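Below, each chain spelled out in residue letters.
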Amino acid sequence: MVLPSEHFIIALLPIAAYAVIRDQRLPSLQLLAVAFFGSQFPDLVDKPLAYELSLIPSGRVFMHSLPFALPLAIAVVAYGIWTERARLGGAFAFAHLSHLVADNQQLLPPNPRVSPDLLWPLQPPVARSAIPNWAGAGSVNLHLWTAFSVVVLALAAYVLVADLRTQLEV
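The rules behind each value
Residues numbered from 1 in each chain as written. Predicted model: local features only at pLDDT ≥ 70, side-chain atom pairs only at ≥ 80, totals over all residues. Heavy atoms only, no water. Helix = DSSP H or I, 4+ residues; strand = E, 2+ residues; numbered from the N terminus. Expected span 1.5 Å × (residues − 1). Buried < 20%, exposed > 50% of the residue type's maximum accessible area, 1.4 Å probe, protein only. Contact = heavy atoms within 4.5 Å. Bend = angle between axes of the 7 residues up to and from the residue. pLDDT = per-residue confidence, 0-100. Salt bridge = Lys/Arg side-chain N within 4 Å of Asp/Glu carboxyl O. Phe/Tyr/Trp six-rings, centres within 6.5 Å; stacked < 30°, edge-to-face > 60°.

> Can you explain helix H4 (residues 86-103)? Please cite residues and give values.
Look at H4: 26 Å from first C-alpha to last across 18 residues, which is about the 26 Å you get at 1.5 Å a residue. The set of residues buried in H4 consists of Leu88, Gly89, Ala91, Phe92, Ala93, Ala95, His96, Ser98, His99, Leu100, Ala102 and Asp103. The elements touched by buried residues of H4 are helix H1 (4-23), helix H2 (29-52) and helix H3 (66-82).

If you want it as structure tokens, here you go:
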């Protein structure tokens, strides 16, 4: 299991290295925030949908799945290019996709293979417990994660709508 902080570190190191090499300075706070959000995004969406609402079969499908993650990444990069913020769009896409690789370490050598989770709904997901091991007593950690997810996703939606309005007014 990869922890949220580890997902962020895995995404941040290449993004920060690119910024330092290209710009000769540390990445901006905006780039760090986008990388953080992208690195957490699959879990912010999938864990509540699976474990609180039972809308998807596992906390590692939907935004953890390439049929959904790749079109989203392309859309985010396209939006970044359209708004002249390609680096931010690329950082989100890279961070989101790095989350999938980190969760599916069998993609890496020496014997790489694609997990069925990455291809959901085209393939059935890996069977997992209905309650994750990190849920805690009375599922308190799960409820806290869901509340955190709702707040973060609501803030992100607000920022996106405000940005869309600004972009469409220009």
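Right, picking up where we left off after that structure.
> A description of H2 should follow, citing residues and the corresponding values.
Counted at 1.5 Å a residue, the expected span for H2 with its 24 residues is 34 Å, and the 32 Å between its end C-alpha atoms agrees. For H2, the principal kink sits at Gln40 and spans about 45°; a proline, Pro42, occurs within the next four residues. Just past H2, the residue Ser54 takes up positive phi, approximately 55°.

> Let's hear about the confidence of the model for the protein chain: which residues, and what values?
Mean pLDDT for the protein chain: 94, with 98% of residues reaching 70 or above. Within the protein chain, the lowest mean pLDDT, 95, falls on H1, and the highest, 98, falls on H3.

> Describe in detail the pattern of salt bridges, supporting the description with residues and values.
One pass over the structure, following the stated rule, counts six salt bridges. Between Asp163 and Arg85 there is a salt bridge whose closest N-O contact spans 2.6 Å. One end of the pair, Asp163, is in helix H5 (residues 140-169); the other, Arg85, is in the loop between H3 and H4, and 78 residues separate them in sequence. With relative accessibility at 26%, the residue Arg85 sits in the partly exposed group. Its salt-bridge partner being Arg128, residue Asp117 comes within 2.7 Å of it at the nearest N-O pair. Of this pair, Asp117 sits in the loop between H4 and H5 while Arg128 sits in the loop between H4 and H5, and the two are eleven residues apart along the sequence. The exposure class of Arg128 is partly exposed, given its relative accessible area of 36%. If you follow the salt bridges from partner to partner, you end up with Arg22, Asp23 and Arg87 in one network.

> Now, about the packing of aromatic side chains: what can you tell me, with residues and values included?
Counted by the stated rule, this structure contains nine aromatic pairs. Aromatic pair Tyr79 and Trp82: ring centres 5.7 Å apart, planes at 55°, arrangement tilted. Placement of both Tyr79 and Trp82 in helix H3 is noted, with a separation of three residues, approximately one turn of the helix. A residue is classified by how much of its surface remains accessible, and Trp82, at 47% relative accessible area, is partly exposed.

> Would you mind going over the side chain of Ser98 in detail, with residue names and values included?
For Ser98, the position within the fold is in helix H4. Relative accessible area serves as the criterion here: at 9%, Ser98 is assigned to the buried category. With sequence-adjacent residues up to four places away left out, Ser98 is seen in contact with Ile10 and Ala11.

> Any chance you could break down unusual backbone geometry for me, citing the residues and the numbers?
For the bond from Trp120 to Pro121, the omega torsion is 10°, close enough to zero to count as cis. Turning to its location among the elements, Pro121 is positioned in the loop between H4 and H5. Even without being a glycine, Gln24 presents a positive backbone phi close to 60°. Relative to the assigned elements, Gln24 resides in the loop between H1 and H2. On the basis of relative accessibility, which here comes to 68%, the residue Gln24 falls in the exposed class. Of note, Ser54 is a non-glycine position whose phi angle comes to about 55°, a positive value. In this structure, Ser54 sits in the loop between H2 and H3. Its relative accessible area of 58% is what places Ser54 among the exposed residues.

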